[in-house]
Every structure is written in structure tokens, then in C-alpha cells.
Amino acid sequence: MLKITTPKANRLDIELNGAVDADTMRMALEDLVEKSEGISGGKMLYTIKEFSMPTLGAFGVEFGMLPKLFGLLGKFDKCAVLSDAAWLRTAAEIEGAIIPGLAIKSFEPTEIEQAEAWLAA
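Residues numbered from 1 in each chain as written. Predicted model: local features only at pLDDT ≥ 70, side-chain atom pairs only at ≥ 80, totals over all residues. Heavy atoms only, no water.

Draft legend 1. Region of the structure containing the overall build of the protein. On a plain count of helices and strands, the protein comes out with five helices and five strands. Start at the N end of the protein and walk to the C end: the helices and strands fall as β-β-α-β-α-α-β-α-β-α. Taken over C-alpha atoms, the radius of gyration comes to 14 Å for the protein, in line with the 14 Å a tight globule of 121 residues would show. Within the protein, residue pairs in contact and separated by at least 24 positions form 76% of the contacts whose partners lie at least 6 positions apart. As displayed, the protein offers around 6,900 Å² of accessible surface, 59% of which is attributable to carbon and sulfur atoms. (Helix = DSSP H or I, 4+ residues; strand = E, 2+ residues; numbered from the N terminus. Rg over C-alpha atoms; globule rule 2.2 N^0.38 Å. Contact = heavy atoms within 4.5 Å. Areas by Shrake-Rupley, 256 points an atom, 1.4 Å probe, with all protein chains shown as cover.)

Draft legend 2. The nonpolar core, seen in detail. Ranked by internal contacts, the top residues of the largest apolar core, which has 29 residues, are Met 25, Leu 29 and Leu 32. At the level of elements, strand 1 (2–5), strand 2 (11–18), helix 1 (22–35), strand 3 (42–51), helix 2 (56–64), helix 3 (66–72), strand 4 (76–83) and helix 4 (86–98) are the ones that each hand at least two residues to this core. Here this core gets six residues from one element, more than from any other, and that element is helix 1. In contact with Leu 32, other than residues within four places in its own chain, are Ile 4, Leu 12, Ile 14, Leu 69 and Leu 72. Ranked by size, the runner-up nonpolar core spans seven residues in total, among them Ala 80, Leu 82, Ala 115 and Leu 119. (Core = buried A, V, L, I, M, F, W, Y, C linked by side-chain atoms within 4.5 Å. Buried < 20%, exposed > 50% of the residue type's maximum accessible area, 1.4 Å probe, protein only.)

And the structure:
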């Protein structure tokens, strides 16, 4: 499951739980693009509850939407990643180091308050 919500202005929350197939990826990415309309200086809270590698079809959908996804990068300033998997937290912070203009900081799931405070700062 990949769920995207807008809890407040200029904020998106993404929740990933389990495996993602092509149809789920397509719907979620279209939802992401739609909900990102009008955002600038945005914040994102990305919660990964149970990570399973997406299917090959899901990767294909994502690859096909890369131009739209790259267009979203300038809309967000910060992304907090919550995950119990240390390797995912490390990967997120590496990604943040190479994407200009987007600060990514990772947290353990129990650190939700710290993640929220960091996004608000």
C-alpha cells in the first residue's frame, strides 16, 4: 500500500506499507503529482512501515513518470523519513545529500515528534 495525504498546507505525508505493484504505483504517483499542485517550500513526511521491493512493473511505471517526478523536486524543501530499517534511513540521507535543494533527514518510527519538529523548524 502506498497512501498519500495532505494533513496541512504545503505538506504531504506518504505511507508505504508492504509490496507495491504497477497499478498501485501508477495510482500513487498520479495522486502525488495531483496533491503537489500549488505547493512551494513544501514539507514531506515519508513513513515506511514494512518495506518490500516493488515489482518490476512498478519500477517501469515509476521510470515512465520520471519527468513529472523530477518536476516535483523544486516544490519541496524538506523530507523526513521514518523507518525501522537502518539501511533505508541511510539510503534516504545519501539521497538527500545528492539532490540539490532538498534536505532529507531520517528518523526511527518512535521519533515521530522529532521528525515533526524538524519539518516545522
